[in-house]
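For reference, the chains in residue letters:
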Amino acid sequence: HALTHEVTYGSLLQDRRRTLHGRIVETIERLYPDRLPEHLERLAHHAFRGEAWEKAVTYLRQAGAKAFARSSNREAVSCFEQALTALGHLPETRERLEQAIDLRFDLRTSLFPLGEFERIFGCLREAEGLARTLDDQRRLGQVSVYMCDNLRMTGHPTEALGFGQHAQAIAESLGDVPLQVTGNIYLGAAYLWTGDYRRAEDLLLQVLQLLEGDLSRERFGLAGFPAVAVRGYLTWVFADQGKFKEGIAHGQEGIRLAEALDHPYSLAFVCWRLAYLQIIRGELSHAVGLLERGVALSREWNLTFFSVLTTGSLGYAYALSGRIAEGIPLLEHALSASETMGFGAYQPLYLGYLGEAYVLADRLEDALEFAGRALTL
């Protein structure tokens, strides 16, 4: 019984506990030298409790990466946070400081699907301070990449451009392809949010060229696959310009890639992007199918971020399809969740969607209020 375990464990002296945890780590390493990935969670747990700090950092980071790969984002966050705690017990060397930065990048990537943008800002500010201490240009470039995206997501696209341009300059000076890929994707997205479609399209097409061949299967430290993400953003760029044929081609190729990679996060992302185009085009049945698939993926894989986006867009598609009574509650929920999460990039969009749904429901005063709020933002 769990209580029996707790009482027994509590009766042991701290030194005895630490010794036993350490012996368990050594025993697992000895018994399963070729199968350690199967036992990462136990190794991480016992190394941390046994205060074997160097091993704890290694196993916790590996366990976090394993959890993230299966979209267990909360578990991944917990592992990376514990790894940072363990790292704090080790001597401060250059290698340790580099690990501290990289762990904060890992933490940021796990927090992103959960929509925890304020915590991400905290991680990035700490990582930036450490990278400046080391004068590490590559890691400073990576901080700028992530800051660009976080500022855009929270509704500050003009500030995002500054960080994106800084990341682009560092990537070009270093000739760093991963930094060029991630930097150009997020800078392109920031240009899209400021309405500069030409620059957005140019940057995103450059990313497609960089990702030819085997690189299309690389993640480059992002939550989703860049090869899918860039096609999703291009779908949006072409949708807003009415270039539906080009947008549909990129969206469908993104879905094919995400399915081949068997990656729910990437698939939910590109389904939502293609649905956006289909709504603008007036193909509501196609949009509804894509969004219902995205909602199901988001719920199954705990993708809080996409759950909000796909739910709101689905509500809008329902309302336009005549299913107003079903659509309005979904839109209201999505708007409330986006405000709670500080998800500023999409609040004007969903305020406009909800205002239009209120017009369709003949709730004109509510529609006017929400249109005013959207314009203010």
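None of the values given here were measured: they were computed from a predicted structure. (Residues numbered from 1 in each chain as written. Predicted model: local features only at pLDDT ≥ 70, side-chain atom pairs only at ≥ 80, totals over all residues. Heavy atoms only, no water.)

(A) Layout of the packing of aromatic side chains. Tallying each qualifying case throughout the model produces 21 aromatic pairs. Between the aromatic rings of Tyr233 and Phe269, the centroid separation amounts to 5.4 Å while the plane-to-plane angle is 70 degrees, which identifies the pairing as edge-to-face. One end of the pair, Tyr233, is in helix α12 (residues 226-240); the other, Phe269, is in helix α14 (residues 264-281), with 36 residues separating them in the sequence. Each of the two residues, Tyr233 as well as Phe269, counts as buried. If you follow Arg323 out to its NZ or CZ, it ends over the ring of Tyr318, 3.9 Å from the centre. (Phe/Tyr/Trp six-rings, centres within 6.5 Å; stacked < 30°, edge-to-face > 60°. Helix = DSSP H or I, 4+ residues; strand = E, 2+ residues; numbered from the N terminus. Buried < 20%, exposed > 50% of the residue type's maximum accessible area, 1.4 Å probe, protein only. Lys NZ or Arg CZ within 6 Å of the ring centre and 35° of its normal.)

(B) Examining α12 more closely. The end-to-end C-alpha distance of α12 is 21 Å, a good match for the 21 Å that 15 residues give at a rise of 1.5 Å each. Two residues or fewer past α12, Gly242 is found with a positive phi of approximately 75 degrees. (Expected span 1.5 Å × (residues − 1).)

(C) Spatial organisation of the side chain of Ser144. Its location among the elements puts Ser144 in helix α8 (residues 137-153). In this structure the side chain of Ser144 is engaged in a polar contact, spanning 2.9 Å, whose partner is the side chain of His166. Apart from the residues within four sequence positions on either side, Ser144 is in contact with Phe163, Gly164, His166 and Ala167. (Polar contact = N/O pair within 3.5 Å; in protein donor to acceptor, adjacent residues only side chain to side chain. Contact = heavy atoms within 4.5 Å.)

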